[in-house]
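Take a look at the letters that make up each chain.
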Amino acid sequence: MIPDKFYITTPIYYVNDRPHIGHAYTTILADVLSRFHRLLGVPTWFLTGTDEHGQKVQQAAARAGLTPQEQADRTVVRFQELWKRLEITNDDFIRTTEPRHADVVKEILQDLYDRGEIYRAEYDGWYDVGSETFVNERDLNLAPGQSPADLPNIVRIRESNYFFRMSQYQEWLIRYIEEHPRFIQPDFRRNETLGFLRKPLNDLCISRPKSRLAWGIELPFDPDYVCYVWFDALVNYISAIGYRRDEARFRRWWPASYHLIGKDILTTHTVYWPTMLKAMGLPMPECVFAHGWWLVGQTKMSKSLGNVVNPMDMIDRYGVDPFRYFLMAEMVLGQDASFTEEAFVRRYNADLANDLGNLLSRVLKLAYAHFEGKVPEGPSETPRTIAEGDLWHAVQSAASEVESSIAEMRIDAGLARVMEAVRETNRYLEQKQPWSQAKDSDRRPLALTLYTAAEALRSISALLWPVMPGKMIELRVALGLPVDAPRIEGAKQWGVLQPGASLGMPVMLFPRARLEKAATAPVATAAGVVTAEGKGAGSQKKQSAVGPPPTETISYEDFMKADLRTARVLAAERMPNADKLLRLEIEVGAERRQIVAGIAKHYTPESLIGRTIIVVANLKPANIRGIESCGMLLAVTTDDGALRLLTTDGDAPTGARVK
Ligand code: MSP
């Protein structure tokens, strides 16, 4: 069933360290689910952010010789930069040190205190310094004769503190969980919480004396204390959407459709948070979904083992979309998954380079060779011919299965189904043999084959767009479609590609990757370093630090990876509020596209019209001041700072390859 709104959250990440693959995973998952709901046309709100208070952050700051706020300010940027790089489309980013959050936490504390939900008491018991929680002796699984004090991190504490009357909600919570099976997912995690609730539930200590921990939100009713970091952090899910500030906005989004979390923070989200909400008189989130952990090979990822996977390294080596795809395809939601670079390369080459990338190349090459780079003529109605009808039907059933697997949080299964549709399209081509059809003087059979395969690819690209947004837009542009985000209606409709419309430039979507043996592996369990052939300068630089020594020369094939073409300027105009930029419409062979160029200080728009220029035609489209720039023109700067466009010595056709 399609919801009428979709509000999704990730955990807010501690700013004690840089982001790793686990953080990237949850955030990409939230992004994929958000994009999928946008594809379906569902109003969506996606929240992520950072958890900036508490002992972990205070300790990290002390180690770095910084104040906790400085530590937070420095680290938050790493998260924000990574999300930008990963094309994460969060609607908001909340930091718990922001007044819009901290002030709401204070109000909630005061309100609960005034209503007697929070009280002061003497605590004399055990404290786990690692998890910053008060613990019961019976929960520690002690061996006979063993004392809690014998365990690492457990200390005896005697202090006066404030407590939230969590225990009074125990029976209510058990009943609520039992009556709402979707509330905690997967099922075995629900059972885990119910197991936890079988034992008596204590009240929750929500304060820390400043003498022990100063870095937190001060209790409004006692300045000697700060708020316990988890009580503070959980409130982000409502403070960010306007709780106590903007009632209409809050009602618009709450309750959350999903709180995505890792399995280690289940109790805080399925016991503390629901009881806090209950005390505030607010409805429960629809689903708390706990995913498993990424292991590196079969080993837990940890700083001390030196095997922490840095998402930035992976993106530098393979690009953003393959990384997103791997994480989504490899993890069965709920279970742990294993990350190795070998598995990554295997999957990349099999699914992306071979199956999907080659499919697009085949279709485009044949369309360029035999239909002048235009969409060939196909049936305007859903095809009734057997092979074509069967293929379209297979693609459509993949589309509906993707919808249900998203609703059931079986992302890996949904992706597997789309990749199956890709393979079915490849099988269709093998069966139709378009390269033989091309020898026929009757062009119609070849046109039908190519049109059908292109329509299948168009639909598939929409289904894969939430996972690989950049690459799927490239694919769609290559099919002659606009750069806009796709919609599900289009994916389900036959005949969107217009016969005779220009296709985009042939693109190599997923160059094959190879795994090279290297003395030092960048990722602890990986056998070596991987290079994606045909990557940009960024990846080359990164590679050279760990791979073979950099070479001074490049091969002719390397040079040919840059698709340099002649182009004619058809129109040119200045861009508003950008005194250096011009927007050019250019003709590259049969294709018309726009580029944005920083040449306004050197050329007037009028002086450019009709001129032949040289462009890099296969450069990834870039968004410059809100305008999509599809290519880059070439120019040189003279000693005195003037700019000279590169052009041809005499007439040349547009779209001609520069070599
Ligand atoms: N700040 C708290 C969350 C507060 S939410 C109100 C926190 N932060 S964290 O930065 O330590 O962890 C954030 C998330 O990363 C958790 O969901 C945790 O499960 C997840 N992961 C940490 N290591 C992981 C893997 N190796 N694999 C997958 N996720 C992992 O907890």
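In this text the structure is predicted, and so the values were computed from the model without any measurement.

## Let's talk about the side chain of His23
Turning to step 1, where the next piece is worked out: Note that His23 resides in helix H1 (residues 21-39).
Turning to step 2, where the next piece is worked out: Residue classification places His23 among the buried residues on the basis of a relative accessible area of 17%.
Turning to step 3, where the next piece is worked out: A polar contact is formed between the side chain of His23 and the backbone nitrogen of His20, at a distance of 3.0 Å.
Turning to step 4, where the next piece is worked out: The residues touching His23, leaving out its near neighbours within four places in the chain, are Tyr13, Arg18, Phe79 and Trp83.

## Here we look at the environment of Asn90
Turning to step 1, where the next piece is worked out: Relative to the helices and strands, Asn90 resides in the loop between helix H3 (68-85) and strand E4 (92-95).
Turning to step 2, where the next piece is worked out: Looking at Asn90, the relative accessible area reads 22%, which means it is partly exposed.
Turning to step 3, where the next piece is worked out: Between the alpha carbons of Asn90 and Arg384 there is a distance of 43 Å; along the sequence they are 294 residues apart.
Turning to step 4, where the next piece is worked out: With near-sequence residues (within four places) excluded, Asn90 lies in contact with Phe46 and Thr48.
Turning to step 5, where the next piece is worked out: A polar atom in the side chain of Asn90 sits 3.1 Å from the backbone oxygen of Asp92.

## Some points on the sheet that holds strand E25 (residues 632-633)
Turning to step 1, where the next piece is worked out: An order of E21-E20-E19-E22-E25 is seen for the five strands of this open sheet, with the pairing classed as antiparallel. Only two strands of the sheet have a single neighbouring strand rather than two, namely strand E21 (591-597) and E25.
Turning to step 2, where the next piece is worked out: When strand E20 (residues 578-588) meets E21, the two strands line up antiparallel, connected through seven bridges. Note that in E21 the partner of Ile586 across the bridge is Arg593.

## With respect to unusual backbone geometry
Turning to step 1, where the next piece is worked out: Gln185 connects to Pro186 through a cis peptide bond whose omega is -10°.
Turning to step 2, where the next piece is worked out: Along the chain, Trp254 connects to Pro255 via a cis peptide bond; the corresponding omega equals 5°.
Turning to step 3, where the next piece is worked out: Looking at the secondary structure, you find Pro255 in the loop between helix H9 (247-253) and strand E13 (258-262).
Turning to step 4, where the next piece is worked out: In the Ramachandran plot, Asn153 falls in the positive-phi region, its phi being about 75° despite a non-glycine side chain.
Turning to step 5, where the next piece is worked out: With respect to the helices and strands, the residue Asn153 is situated in the loop between strand E6 (133-135) and strand E7 (154-164).

## Remarks on the packing of H1 against H3
Turning to step 1, where the next piece is worked out: Running from amino to carboxyl end, H1 crosses H3 at an angle of 50°, the nearest separation of the two axes being 11 Å. As summarised for this structure, H1 and H3 are arranged oblique, according to the angle between their axes. Note that H1 runs across H3; the crossing there is right-handed. Contacts between H1 and H3 involve His23, Ala24 and Thr27 from the former and Phe79, Leu82 and Trp83 from the latter.
Turning to step 2, where the next piece is worked out: When grouped by side-chain class, the residues that make up the contact of H1 with H3 number four nonpolar, two polar and no charged.

## Considerations on the side chain of Asp316
Turning to step 1, where the next piece is worked out: With respect to the element layout, Asp316 can be found in helix H11 (residues 311-318).
Turning to step 2, where the next piece is worked out: Among the polar contacts made by the side chain of Asp316, one reaches the side chain of Arg85 at a distance of 3.0 Å.

## Looking at the site of the ligand
Turning to step 1, where the next piece is worked out: Surrounding the ligand, one finds 23 residues, the nearest of these being Ile12, Asp51, Gly262, Asp264 and Trp294.
Turning to step 2, where the next piece is worked out: Within the backbone of Ile12, a nitrogen or oxygen atom sits 2.8 Å from a nitrogen atom of the ligand.
Turning to step 3, where the next piece is worked out: Within the contact set of the ligand, an oxygen atom lies 3.3 Å away from a side-chain nitrogen or oxygen of Trp293.
Turning to step 4, where the next piece is worked out: Compared with its free state, where it exposes 670 Å², the ligand has 93% of that area covered by protein.
Turning to step 5, where the next piece is worked out: In terms of residue count, the dominant contributor to the shell around the ligand is helix H7 (residues 229-234) (three residues).
Turning to step 6, where the next piece is worked out: Its residues placed into classes, the shell around the ligand shows 13 nonpolar, eight polar and two charged.

## Thoughts on H1
Turning to step 1, where the next piece is worked out: Relative to the 27 Å expected for 19 residues at 1.5 Å per residue, H1 spans 26 Å between its end C-alpha atoms, a close match to the ideal helical length.
Turning to step 2, where the next piece is worked out: Counted residue by residue, H1 has 18 buried out of 19 residues, so it is predominantly covered.

## Notes on the packing of aromatic side chains
Two measures describe an aromatic ring pair: the distance that separates the ring centres and the angle between the ring planes.
Turning to step 1, where the next piece is worked out: Throughout the structure, instances matching the rule amount to 34 aromatic pairs.
Turning to step 2, where the next piece is worked out: Geometrically, the ring pair formed by Tyr162 and Phe221 is edge-to-face, given 5.1 Å between the ring centres and 65° between the ring planes. Taken together, the residues span a long stretch of sequence, with Tyr162 in strand E7 and Phe221 in the loop between strand E11 (218-219) and strand E12 (222-227) at a distance of 59 residues.
Turning to step 3, where the next piece is worked out: Given a relative accessible area of 3%, Tyr162 falls into the buried group.
Turning to step 4, where the next piece is worked out: Residues Phe164 and Tyr169 carry aromatic rings whose centres are separated by 6.3 Å and whose planes lie at 35° to one another, so their mutual orientation is tilted. Across this residue pair, the class does not change: Phe164 and Tyr169 are buried.
Turning to step 5, where the next piece is worked out: Here a set of aromatic residues connected by ring pairs shows up, and it is made of Tyr25, Trp294, Tyr318, Phe326, Phe339, Phe344, Tyr348 and Phe510.

## Describing the pattern of salt bridges
Turning to step 1, where the next piece is worked out: Summed over all chains, the structure comprises 46 salt bridges.
Turning to step 2, where the next piece is worked out: Across the pair Asp111 and Arg244 runs a salt bridge whose closest N-O atoms are separated by 3.5 Å. Here the residue Asp111 occupies a position in helix H4 (residues 99-114), and Arg244 occupies one in the loop between helix H8 (236-239) and H9, the gap between them amounting to 133 residues.
Turning to step 3, where the next piece is worked out: The partly exposed category is assigned to Asp111, whose relative accessible area is 25%.
Turning to step 4, where the next piece is worked out: Under the relative-accessibility criterion, Arg244 is labelled partly exposed at 33%.
Turning to step 5, where the next piece is worked out: With a shortest N-O distance of 2.7 Å, Arg189 and Glu192 are connected by a salt bridge. With a gap of three residues between them, Arg189 and Glu192 both fall in helix H6 (residues 187-198), about one helical turn apart.
Turning to step 6, where the next piece is worked out: Among the residues examined, Arg189 registers a relative accessible area of 8% and is labelled buried.
Turning to step 7, where the next piece is worked out: A network of salt bridges, in which partner residues are shared, links Glu107, Asp111, Arg115, Arg244 and Arg245.

## Comments concerning helix H14 (residues 386-407)
Turn by turn, an α-helix covers 3.6 residues, leaving residues three or four places apart pointing in a common direction.
Turning to step 1, where the next piece is worked out: Under the 1.5 Å per step criterion, the end-to-end length of H14 is 32 Å for 22 residues, consistent within 8% with the ideal 32 Å.
Turning to step 2, where the next piece is worked out: With its phi angle positive at about 55°, Met409 sits one or two positions after the end of H14.

## Some details on the confidence of the model for the protein chain
Turning to step 1, where the next piece is worked out: Here the protein chain averages 90 in pLDDT, and 94% of its residues register 70 or above.
Turning to step 2, where the next piece is worked out: Here residues 516-551 is modelled with pLDDT under 50, and outside its nearest four sequence neighbours on either side it reaches 64 contacts, counting other chains as well.

## Some points on the pairing of strand E3 (residues 44-51)
Turning to step 1, where the next piece is worked out: Most of E3 is tucked away, with eight of its eight residues classed as buried.
Turning to step 2, where the next piece is worked out: In this structure, strand E1 (residues 6-9) lies alongside E3, joined through four bridges in parallel fashion. Bridging across to E3, Ile8 finds its partner in Phe46.
Turning to step 3, where the next piece is worked out: When strand E2 (residues 13-14) meets E3, the two strands line up parallel, connected through two bridges. Note that in E3 the partner of Tyr13 across the bridge is Thr50.
Turning to step 4, where the next piece is worked out: Strand direction decides the pairing type here: E3 and E4, joined by four bridges, are parallel. The residue of E4 that forms the bridge with Thr50 is Arg95.

Calculation criteria
Residues numbered from 1 in each chain as written. Predicted model: local features only at pLDDT ≥ 70, side-chain atom pairs only at ≥ 80, totals over all residues. Heavy atoms only, no water. Helix = DSSP H or I, 4+ residues; strand = E, 2+ residues; numbered from the N terminus. Buried < 20%, exposed > 50% of the residue type's maximum accessible area, 1.4 Å probe, protein only. Polar contact = N/O pair within 3.5 Å; in protein donor to acceptor, adjacent residues only side chain to side chain. Contact = heavy atoms within 4.5 Å. Pairing = 2+ DSSP bridges. Axes fitted to C-alpha atoms, helices over the stretch in contact; angles between N-to-C directions. Parallel < 35°, antiparallel > 145°, perpendicular 65-115°, else oblique. Left-handed = near helix turned anticlockwise from the far one by under 90°. Nonpolar A, V, L, I, M, F, W, Y, C, P; charged D, E, K, R; others polar. Near = heavy atom within 4 Å. Areas by Shrake-Rupley, 256 points an atom, 1.4 Å probe, with all protein chains shown as cover. Expected span 1.5 Å × (residues − 1). Phe/Tyr/Trp six-rings, centres within 6.5 Å; stacked < 30°, edge-to-face > 60°. Salt bridge = Lys/Arg side-chain N within 4 Å of Asp/Glu carboxyl O. pLDDT = per-residue confidence, 0-100.

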